[in-house]
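Coordinates in review
Residues per chain are reported as follows:
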Amino acid sequence: MTVRKNTKHSLSRLQRFLQIVPWLLLFLTLVVTFMTLLQALEAKENLFHAWVTELSYDKRLEFKHFTEPVVTTLRIARDWGKESAINLEERQRINNYFIPMLESIPQIHALIIANSHGQEYFLQRTGKGWQSRSCDPLQWPGKVLVTNWRKGSIPVGKGSLVKSDYDPRQRPWFKGVLGADSTREIFWTSPYRFSSNGQIGITAALKLKIRGFDSQAGKVVPGEDYVIAFDVLLSDLLAWTSELDLGPEGRAFMLSDDGRVLGLSQNGPVRPGENLSAVENPADNGLGPALVKWQRSRVSGEQVFAFFMNDKPWWAGFVPLAIGGRHLWLAVILPEKDILQIVGYPVTFFQIPIIILVVGGLLFFISLFLVRHHLHSLEELHRENRRLVNDESQRASLDNPAQRIYKLIKAGESECLEFKATVRWNLREDRAGNEIETAWLKAIVGFLNTEGGVLLIGVEDDGMVAGLERDNFANDDKCLRHIDSLISSHIGLEFSRFIHFAIVEIGDRKIVEIRCRPSDIPAFLKKREAEEFFIRTGPASRKLKPSQIIKSRASRKAGPPENRPAETAQE
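From a predicted model like this one, the values you see are computed outputs, not experimental measurements.

**A look at the overall build of the chain**
Helix and strand counts for the chain come out as 14 helices and 27 strands. Each of the 571 residues in the chain was classed as buried or not, and the buried ones make up 44%. Put simply, of all contacts in the chain between residues at least 6 apart along the chain, 60% involve residues at least 24 apart.

**Some words on the sheet that holds strand β23 (residues 499-506)**
Taking strand neighbours across the sheet as the criterion, the 4 strands line up as β19-β22-β24-β23 in an open arrangement whose pairing is mixed. Single-partner strands in this sheet number two, and they are β19 (417-420) and β23. Shown here is a sheet whose adjacent strand axes are inclined to one another by a mean of 20°, direction ignored. Sheet analysis places strand β22 (residues 453-457) next to strand β24 (residues 509-516), joined by 5 bridges and oriented antiparallel. Bridge pairing in β24 places V454 opposite R515.

**Describing a nonpolar patch on the surface**
Residues I20, L24, F27, L28, V31, F34 and M35 make up a contiguous nonpolar surface patch of about 670 Å² in total accessible area. With respect to the helices and strands, the residue F34 is situated in helix α1 (residues 2-38).

**Points about the packing of aromatic side chains**
The geometry of two aromatic rings is summed up by the distance between their centres and the angle between their planes. A complete count under the given rule lists 12 aromatic pairs for this structure. Arranged with centres 6.3 Å apart and planes meeting at 35°, the rings of F307 and W314 form a pair that is tilted. By the ring-pair criterion, three or more aromatic residues cluster together here, those being W294, F305, F307, W314, F318 and W329. Seen from the ring of F122, R133 lies directly overhead, with NZ or CZ sitting 4.3 Å from the centre.

**Observations concerning the sheet that holds strand β25 (residues 525-527)**
Strand order in the open sheet formed by 3 strands is β25-β26-β27, with antiparallel pairing between adjacent strands. The sheet is open, and its two edges are formed by β25 and β27 (540-544), each paired on a single side. Across this sheet, the average inter-strand angle for adjacent strands is 40°, counted without regard to direction. Relative to strand β26 (residues 530-537), β25 runs antiparallel, the two sharing 3 bridges. Looking at the pairing, K526 lines up with E531 of β26. Across the sheet, helix α11 (residues 434-449) touches β25, β26 and β27, and the angle it forms with β26 is around 70°.

**Here we look at the pattern of salt bridges**
Counted according to the given criterion, the structure contains 17 salt bridges. Residues E513 and R404 are paired through a salt bridge, measuring 2.9 Å at the closest nitrogen-oxygen approach. One end of the pair, E513, is in strand β24; the other, R404, is in helix α10 (residues 401-411), and 109 residues separate them in sequence. Given the relative accessible area of 7%, E513 is considered buried. For R404, a relative accessible area of 21% corresponds to the partly exposed category. Across the salt bridge formed by E418 and R536, the nearest N and O atoms sit 2.3 Å from each other. Here the residue E418 occupies a position in strand β19, and R536 occupies one in strand β26, the gap between them amounting to 118 residues. We note that E418, like R536, is buried. Through salt bridges that share partners, R404, E513 and R515 make up one connected network.

About the criteria used
Residues numbered from 1 in each chain as written. Predicted model: local features only at pLDDT ≥ 70, side-chain atom pairs only at ≥ 80, totals over all residues. Heavy atoms only, no water. Helix = DSSP H or I, 4+ residues; strand = E, 2+ residues; numbered from the N terminus. Buried < 20%, exposed > 50% of the residue type's maximum accessible area, 1.4 Å probe, protein only. Contact = heavy atoms within 4.5 Å. Pairing = 2+ DSSP bridges. Axes fitted to C-alpha atoms, helices over the stretch in contact; angles between N-to-C directions. Patch = residues over 30% accessible without salt bridge, like charges linked within 9 Å, V, L, I, M, F, W, Y side chains within 5 Å. Areas by Shrake-Rupley, 256 points an atom, 1.4 Å probe, with all protein chains shown as cover. Salt bridge = Lys/Arg side-chain N within 4 Å of Asp/Glu carboxyl O. Phe/Tyr/Trp six-rings, centres within 6.5 Å; stacked < 30°, edge-to-face > 60°. Lys NZ or Arg CZ within 6 Å of the ring centre and 35° of its normal.

Encoded structure:
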């Protein structure tokens, strides 16, 4: 009886409140309309700034995904160079190793391998296959050997000697990387014109001291300076400009770190494969006022500002893209009158308050009608809600995390499931040990590089649930923060989207469940200065050599995931 009285009083209070709602809605509509009118002039900048911020976020992610394969492949090539005695005359051997790699990464336009003696092997894509250029000042003074290749290792003829004064040691990528402090530091050039085809691009290079091969003496020469580099066309980087609809007057382009305008073709945005040239006179292309204002400020971060051109108001946005120690800038300019249309608003600024007022008035009358004619249905809705809540509670009780974990443990360790007893505690020596953390970090890297999987920490190899008490964490939050810190430091924050972990209670004990999805980019375990690559083979994580990494990545694309735990596949 008491419950019924309380329910009745609650419904009565709710009824009085609902009677006020329409008038409260009308009051809020008037307030919002008035504030919108006051802020109409500021709305243009806010909308454009939000649009530029969203665009910059998307393009930074695209730019990162564009350059990451270049960086990863360049490091793999560096490791290959360290393991092998490079002989630039073995062109077929170089082609057999690198062409499958370059075919899988279309943004790499050309491979360059050069040494301090002026010898170079250059391999680039052509419309029908591949073309190489060999430079050897001692063997072919004043000439280079140009060879076309079919299917990578099959030369078309014996090649031809072409007169050329080309010297790789004078190119910006060679000079720049030799001046770098570390052999682990990737050097990125500023945009420059490629000698092979006259197009503008950038080059990523690494230096290394490796064993060379003296063809005249027929022996290996130690300690020779070599440079391995990849050319990237800026037309590939600028493909995004063709996707933007900026109206008949809007422009999208790219700037070098020294302020040169890049990627502005005669007909507007640059499209993939288009010949790119630097714009010598930006004023001729209607960019002058925006560039002058940008160069005067030279703020290091994102910029959005208004300017006047041809006595009309315009807006401009400049976004920096970090690449090595340099910056490229994405720029967008468009007339003020086109801002709403470009950012997706089909109305003018002063139409927005009118729309708010009309919509608010309609909502007022609709809510008034509903409150007056349908308030009696609240009690029925309340009963239905209680029934739904009870049904949901019953369904939730069936989804027992402990039962799910026990099913995984019962399945036993496999390629996609591994048990670890502790997070950090060495049970044999009764102390905290980095080797314990490294062991389960290897498993995560292996899952990322294979087909994903589940790692249960706090479970013995025989399937016994031991819990996390032996790790001596102050609380659950400390444990999760410790795991998150290790993953960020030794694997990388960029892989967090593939890794999900939580503490699960199993009876009176707790374990950590880490679920991994397969990564679309290679994952490495970082240990001080070294980086190691692991895959899963059976219930173990196996380390691969650089020469095996390419085969592993290629074989992973060959077929669908198999033998994965059912719940991992569902994720």
